[in-house]
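These are the residues of each chain, in order.
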Amino acid sequence: MAMLHFLFDRTKQKRYLVVGTVILTAIAALSLLLGQYPIDFHTFIAYLNYKIYGIADIEIDTLALMDNIILEIRLPRILLAILVGAALATSGAVFQAMFVNPLVSPGILGVLAGASFGAACGMLISEQWYIVQALAFSFGFIAVGFAVLVGSIGTNSRSTVMLVLGGVISSSLFTSLLSIIKYAADPYSSLPAIVYWLMGSLSMAKLDEVLIVAIPILISIFGMIFMGKYFDLLSLGDEEAKSLGINVKLIRIVAIILATLASSLSVVMAGIIGWVGLIIPHIIRLAIGPSHRLLVPLSAIVGGAFLLLADAVSRLALSVEIPIGILTSLIGIPVFIMVLKNARAAWN
Amino acid sequence: MELKPIIEVKDLHFSYKKSQVLCGVDLRLFKGEVVSLLGPNGCGKSTLIKLILKLLHGNGEILLHEKSIEEYSHKEIASHIAYIPQYHHVPFGYSALEMVLMGRVSKLGIFASPSSHDHFIALEALKKVGILDLKDRIFGQLSGGQKQLVLFARAIAQGVDTFIMDEPVNGLDYGNQMRLLEFIYKLSHEGYTFLKTTHYPDHALLISSRTVVMNGGKIISDGQPGEVITVPMIQDVYGVNAEIITHDTHKRCMPIFR
C-alpha cells in the first residue's frame, strides 16, 4: 500500500483529476457511438459539423436518425449515468467522512430507501417533478436522521457498527413504507412503473429532464468538492476539528444536506442504484490515499465513469437490457469483498 | 507597565451530569511561560483545557487577550492557540504531511486549497520537530512518539505561539519523553508559550516556569515549581510519600517506599 500512497504534491493531484476527466470523456464519447445501432466516426463528425457549424455534409434522413439516436436516446442516458454515478460516489465519500465511518454510504444509511419512498409518494399524488424531487429529498433526509438517531441509542460515543445498524433499520422502515405504496398503487399502470423505476434504470431519461436535475446535482457535487479540506479535519473528531478552527456544526449540516440532496435526486432520476456510493470511495482511498481534497472530486469522476461503463455493459452485452441497479450490485459485491480484504491498510 | 496575560480564567465553574468538576478556578498564562497543570486523575485538568479552547462551556469568565472567549469563533481561537491532543486513532490513512497541512485549513478561504506556501510551512514545521523524513509515512503506522511530534508540527504550522497540550508525554518511552520535554523547553526560549497537563511532578520541575496544582476541581497552589512541589503536596494530592532532593540548583521528586 505504501507504494501506492504517492508523495502528496499538488501537480500529482491535478494530474489525477485531468487523467480521470480525459478517461471519463473518452468513455462517454465511445458510448455515444456504440449501441444497437452503431454510428461510424465519419458520420458522427459530419453530424457534429452540421450541429456546430451548420455545414450540411449529411443526408437529411441520416440527420433525423442521428438526432433521434443521439439527442433523444444516448446523450440523455450518458449524461444521466455520469450525473448519478458522480452523485452517489461523492455522497458516499462525504457520508463516510461525516460519520467518520468507512462502512456507510447513501444506500446503507437509508437515504436511497427514504428517497424512493418520498419519490413514490410524490408520483402518486402529483405529476409535478419538483414535488417528487422535494419529497424524495425530504424523506432521504428524514431517513438519514432516523439512522443516526437509532445508531446513537444507548451510546454517547460514535460507534461504527451502531450507525450501520441504524441505517439497516432506517432502510427497512422505508422499504416497508414503500411496499404499502406499491400495495396501494394501481397494478396496471403505476405499480409496474414504480417497480421498474426502483430497479434502477437510466433509459427513461429525457434530455430536458436531465438538464433540469443536473443543476441541483452539480451544485451539490461541487459544493462537496470544495468542502474536501474540511472533511479531513472532521474525520479527526469534533473536538480536534474545532480546535483547528472550523465550524463543525455548520459544515456537518451543509455536508449532510448536499450529500442527501445529490443521492435523493439520483433516486428520482434512476431508481435505487446500490453499491456505487460504498465501493468507489474505497477503491480511490486504496489507490491514492484518504485526503478528501482529492478523494471527493475523484469519486465524482470515477463514480460517473463506473456507472457509464456499467450502463454500456447492460446495453451492449446482452440482447435483453438488465436494470442497472441489479448490475451494479452484481459488480459491487465481489469488488467490495476484495476491498474488505485490503481495507485495514486503507483505514488504519 | 503591567504585563497582560494571554489567557485569564476567572472563577470558572463547570459541572457534568450533576457532578461538580470545576469549582472556582482562577488561572493566568503569560507570554513565554511553560505552565504545568499537575493533579490526580479526574481533578479537572483536561476539562479546564477544553473550557479554555471553547470545546466545553462553563460558568465564569475566560479571557483570551482580554476579550471573552465567547466572542471568538473557533477559527479566531485557532489563530491564537494551537491544541495538541494526546495522539490517538485516526480512521483514515493520512500521511504525516497531510496531518500537518490540516493545521493550515483555518487560514484558507472557503474555496481555496493549501497553496505551495502552505506546503512549505508544513514541511518547515516537520523539519523543526526533526521528522521531515517521515512526511510520507502514514500517521496511523507511526510510533507514539512520532505521532506526538506530527501533532506538534501541525501546531507549529498553525502559525501561533501559544500551545495547549494534553498529557504530551503520555505513552511515550523515556527517550521520547525527554526529547519532547527538551523540545518544549527550547521552544519556550524562542518565545513560545505552553500550558500543558502532566502526571509527572518531575517533568514540571524539569521544564516549567510555573506549576499549577489542581485537586478536586480547585487550584490548590500556583507558583514556582520548586515552591509548589513539596513533600506535603505530594502526600496530599497523590497519597505518596516522597522526598524532594536537590542537585546543584535542580530539584527532583523521589518517592519513598516503606
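The structure displayed is predicted, hence computed values, not measured ones.

## Description of the overall build of chain B
Item 1. A count of helical and extended segments in chain B gives nine helices and twelve strands.
Item 2. Here the C-alpha radius of gyration of chain B, 19 Å, is about what a compact globule of 258 residues would show, namely 18 Å.
Item 3. Along the first, second and third principal axes, the C-alpha set of chain B runs to 55 × 45 × 40 Å.
Item 4. Per-residue burial over chain B gives 52% buried out of 258 residues.
Item 5. Surface accessibility of chain B: about 11,600 Å² in total, with carbon and sulfur atoms responsible for 52%.
Item 6. Charged side chains in chain B number 27 positive and 27 negative. The centres of these two groups are separated by 4 Å.

## A short note on the overall build of chain A
Item 1. A count of helical and extended segments in chain A gives 14 helices and zero strands.
Item 2. Going from the N terminus to the C terminus, chain A shows its helices and strands as α-α-α-α-α-α-α-α-α-α-α-α-α-α.
Item 3. For chain A, whose C-alpha radius of gyration is 21 Å, the value lies close to the compact-globule estimate of 20 Å for 348 residues.
Item 4. In chain A, which comprises 348 residues, the share counted as buried stands at 52%.

## Concerning the sheet that holds strand β4 (residues 59–64) of chain B
All names here are of chain B.
Item 1. Strand order in this open sheet of four strands is β2-β1-β4-β5, and the pairing throughout is antiparallel. Single-partner strands in this sheet number two, and they are β2 (19–29) and β5 (67–68).
Item 2. In this structure, strand β1 (residues 7–16) lies alongside β2, joined through eight bridges in antiparallel fashion. From the neighbouring strand, phenylalanine 14 faces β2, where its bridge partner is leucine 22.

## Comments concerning the environment of Lys31(B)
All names here are of chain B.
Item 1. Here lysine 31 lies in the loop between β2 and β3 (34–38).
Item 2. Owing to a relative accessible area of 52%, lysine 31 belongs among the exposed residues under this scheme.
Item 3. Counting along the chain gives 28 residues from lysine 31 to leucine 3, while the straight-line C-alpha distance between them is 8.8 Å.
Item 4. Only 3.2 Å separates the side chain of lysine 31 from the backbone oxygen of glycine 191, close enough to count as a polar contact.

## Digging into the interface of chain B and chain A
Item 1. At the interface, 41 residues of chain B touch 32 residues of chain A.
Item 2. Remark: the boundary between chain B and chain A carries two salt bridges.
Item 3. With its nearest N and O atoms 2.6 Å apart, the salt bridge here joins Glu240(A) to Arg154(B).
Item 4. Where chain B touches chain A, the interface holds eight residue pairs in polar contact (both at pLDDT 80 or more).
Item 5. Contributions of two or more residues to the side of chain B that touches chain A are made by α2 (74–78), α3 (96–101), α4 (116–128) and α5 (144–157) of chain B.
Item 6. It is α3(B) that provides the largest number of residues to the side of chain B that touches chain A, a total of four residues.

## Section: the sheet that holds strand β9 (residues 210–215) of chain B
All names here are of chain B.
Item 1. Pairing in this open sheet of six strands is mixed, and the strands run β6-β7-β8-β3-β9-β10 from one edge to the other. In the strand order of this sheet, the two ends are held by β6 (81–84) and β10 (218–223), each with one partner. Within this sheet the neighbouring strands show an average axis-to-axis angle of 15°, counted without direction.
Item 2. Pairing of β3 with β9, which is carried by four bridges, proceeds in the parallel orientation. Across the sheet, valine 35 pairs through a bridge with arginine 210, a residue of β9.

## A short note on the packing of aromatic side chains
The geometry of two aromatic rings is summed up by the distance between their centres and the angle between their planes.
All names here are of chain A.
Item 1. Per the stated rule, a full pass over the model turns up 14 aromatic pairs over all chains.
Item 2. Aromatic pair phenylalanine 117 and phenylalanine 139: ring centres 4.9 Å apart, planes at 90°, arrangement edge-to-face. A residue pair is termed long-range when its members are at least 10 positions apart, and phenylalanine 117 in helix α4 (residues 111–125) and phenylalanine 139 in helix α5 (residues 129–151) qualify at 22 residues.
Item 3. Under the relative-accessibility criterion, phenylalanine 117 is labelled buried at 10%.
Item 4. Lying across the ring of tyrosine 230, lysine 229 places its NZ or CZ 4.7 Å from the centre.

## Some words on the pattern of salt bridges
Residue and element names in this part refer to chain B.
Item 1. Inspection of the entire model under this criterion finds 14 salt bridges over all chains.
Item 2. We note a salt bridge from aspartate 161 to lysine 31, for which the minimum N-O separation is 3.5 Å. Of this pair, aspartate 161 sits in the loop between α5 and β7 (162–165) while lysine 31 sits in the loop between β2 and β3; the two residues are 130 residues apart in sequence, bridging distant segments of the chain.
Item 3. Aspartate 161 gets classed as partly exposed once you look at its relative accessible area, which sits at 35%.

## Let's talk about the side chain of Ser91(A)
Item 1. Relative to the helices and strands, Ser91(A) resides in helix α3 (residues 60–98).
Item 2. Those residues within four positions of Ser91(A) in sequence are excluded, and the remaining contacts are Pro106(A), Met224(A), Ala259(A), Ala262(A) and Ser263(A).

## Digging into the confidence of the model for chain B
Item 1. For chain B, mean pLDDT is 92; residues scoring 70 or higher make up 99% of the total.
Item 2. Among the prediction metrics, the complex's ipTM stands at 0.92, with pTM recorded as 0.89.

## A word on the domain arrangement of chain B
Residues and elements named next belong to chain B.
Item 1. Per the domain assignment, the segments making up chain B are domain 1 (1–80 + 160–258) and domain 2 (90–159).
Item 2. Inter-centroid distance (C-alpha atoms) of domain 1 to domain 2 is 25 Å.
Item 3. Facing 16 residues of domain 1, the contacting portion of domain 2 comprises 14 residues.
Item 4. In total, about 1,200 Å² of surface goes out of reach between domain 1 and domain 2, with carbon and sulfur atoms giving 65% of it.
Item 5. Considering only the surface of domain 1 that becomes buried against domain 2, Val160, Phe163 and Phe183 emerge as the three largest contributors, covering 36% of it.
Item 6. Applying the counting criterion to the domain 1 and domain 2 interface returns one salt bridge.
Item 7. A salt bridge links glutamate 190 to lysine 128, with the nearest nitrogen and oxygen atoms 3.1 Å apart.
Item 8. For the interface between domain 1 and domain 2, the tally reads three residue pairs in polar contact (both at pLDDT 80 or more).
Item 9. Contributions of two or more residues to the side of domain 1 that touches domain 2 are made by α2, β7 and α6 (174–189).

## Some remarks on the environment of Phe163(B)
All names here are of chain B.
Item 1. One can find phenylalanine 163 in strand β7.
Item 2. Once the C-alpha coordinates of phenylalanine 163 and isoleucine 84 are considered, the two residues, 79 residues apart in sequence, prove to be 7.1 Å apart.
Item 3. In contact with phenylalanine 163, other than residues within four places in its own chain, are Ala82, Ile84, Ala155, Ile156, Tyr192, Thr193, Phe194 and Leu195.

## Quick notes on the side chain of Lys196(B)
All names here are of chain B.
Item 1. Along the chain, the position of lysine 196 falls in strand β8 (residues 193–198).
Item 2. Buried and unpaired, lysine 196 has glutamate 167 as its nearest opposite-charge partner, separated by 8.3 Å.
Item 3. Discounting chain neighbours no more than four positions away, the residues touching lysine 196 are Val34, Val35, Ser36, Leu37, Met165, Pro168, Leu181, Ile184 and Ile207.

What counts and what doesn't
- Residues numbered from 1 in each chain as written.
- Chains lettered and ligands numbered in written order.
- Predicted model: local features only at pLDDT ≥ 70, side-chain atom pairs only at ≥ 80, totals over all residues.
- Heavy atoms only, no water.
- Helix = DSSP H or I, 4+ residues; strand = E, 2+ residues; numbered from the N terminus.
- Rg over C-alpha atoms; globule rule 2.2 N^0.38 Å.
- Buried < 20%, exposed > 50% of the residue type's maximum accessible area, 1.4 Å probe, protein only.
- Areas by Shrake-Rupley, 256 points an atom, 1.4 Å probe, with all protein chains shown as cover.
- Lys, Arg positive; Asp, Glu negative; His and termini not counted.
- Charge placed at Lys NZ, Arg CZ, Asp CG, Glu CD.
- Pairing = 2+ DSSP bridges.
- Polar contact = N/O pair within 3.5 Å; in protein donor to acceptor, adjacent residues only side chain to side chain.
- Contact = heavy atoms within 4.5 Å.
- Salt bridge = Lys/Arg side-chain N within 4 Å of Asp/Glu carboxyl O.
- Axes fitted to C-alpha atoms, helices over the stretch in contact; angles between N-to-C directions.
- Phe/Tyr/Trp six-rings, centres within 6.5 Å; stacked < 30°, edge-to-face > 60°.
- Lys NZ or Arg CZ within 6 Å of the ring centre and 35° of its normal.
- pLDDT = per-residue confidence, 0-100.
- Domains from an automatic or database assignment.
- Buried area = accessible area lost by both parts, 1.4 Å probe.

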